[in-house]
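Coordinate inspection notes
This is what each chain is made of:
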Amino acid sequence: MHYKILYISLRRLIGERDAAGLRSRLLQHGPVMFARSLALGSPRVVADALSLLPISERINVVRHLPPSLRNAMKPLCIGGSQHLHPQSWSSPVPAPRRA
């Protein structure tokens, strides 16, 4: 399958938020072709696609992206969200008041 044809298929699956379909294409075509096809899109499209994949598959795809996209997508390969963990400089959340 040609990269552009696979990219069109990936865009449809991303638009439908079809994680199972994306995983199927990844397994069918391999991470190299998947990443090269995905790289035809904007960074937003790449991020949307990666967000639908499990972390292990996400990391595998990111390894095969062009360097500029790979660096931009690295935060998506960190387990958990930074927003869920308080920063050392953030103030603690106050306890609820009792009436």
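Treat the numbers as computed from the prediction; the structure is a model and nothing was measured.

It is worth spelling out the overall build of the chain at this point. Helix and strand content of the chain: five helices and zero strands. Helices (α) and strands (β) of the chain occur, in sequence order from the N terminus, as α-α-α-α-α. When burial is assessed residue by residue, the chain has 32% of its 99 residues classed as buried. Across the chain, contacts joining residues at least 24 apart in sequence account for 60% of those joining residues at least 6 apart. On the chain, roughly 6,900 Å² of surface is accessible, and the fraction owed to carbon and sulfur atoms is 58%.

This part is about the pattern of salt bridges. Applying the stated criterion to the full structure yields three salt bridges. Linking glutamate 16 and arginine 12 is a salt bridge whose minimum nitrogen-to-oxygen distance equals 3.3 Å. A relative accessible area of 48% places glutamate 16 in the partly exposed class. Exposure remark for arginine 12: the relative accessible area of 42% places this residue in the partly exposed category. Taking the shortest distance from any N to any O, the salt bridge between aspartate 48 and arginine 44 comes out at 3.3 Å. Of this pair, aspartate 48 and arginine 44 both sit in helix H3 (residues 43-51), four residues apart, which is roughly one turn of that helix. The partly exposed category is assigned to aspartate 48, whose relative accessible area is 22%.

This part covers the environment of isoleucine 78. One can find isoleucine 78 in the segment after helix H5 (67-73). Overall, the relative accessible area of 45% leaves isoleucine 78 in the partly exposed class. When the C-alpha atoms of isoleucine 78 and isoleucine 55 are compared, they prove to be 8.0 Å apart, with 23 residues separating the residues in sequence.

One can describe the packing of helix H1 (residues 3-15) onto H3 by two numbers: an axis separation of 10 Å at closest approach and a directional angle of 65°. Taken together, H1 and H3 sit at an angle that is classed as roughly perpendicular. Seen from above, H1 lies across H3 with left-handed handedness. In this structure, H1 contributes Tyr7, Arg11 and Ile14 to the contact, and H3 contributes Val45, Asp48 and Ala49. Among the residues making up the contact of H1 with H3, the classes are represented as four nonpolar, no polar and two charged.

So, how was this worked out
- Residues numbered from 1 in each chain as written.
- Predicted model: local features only at pLDDT ≥ 70, side-chain atom pairs only at ≥ 80, totals over all residues.
- Heavy atoms only, no water.
- Helix = DSSP H or I, 4+ residues; strand = E, 2+ residues; numbered from the N terminus.
- Buried < 20%, exposed > 50% of the residue type's maximum accessible area, 1.4 Å probe, protein only.
- Contact = heavy atoms within 4.5 Å.
- Areas by Shrake-Rupley, 256 points an atom, 1.4 Å probe, with all protein chains shown as cover.
- Salt bridge = Lys/Arg side-chain N within 4 Å of Asp/Glu carboxyl O.
- Axes fitted to C-alpha atoms, helices over the stretch in contact; angles between N-to-C directions.
- Parallel < 35°, antiparallel > 145°, perpendicular 65-115°, else oblique.
- Left-handed = near helix turned anticlockwise from the far one by under 90°.
- Nonpolar A, V, L, I, M, F, W, Y, C, P; charged D, E, K, R; others polar.

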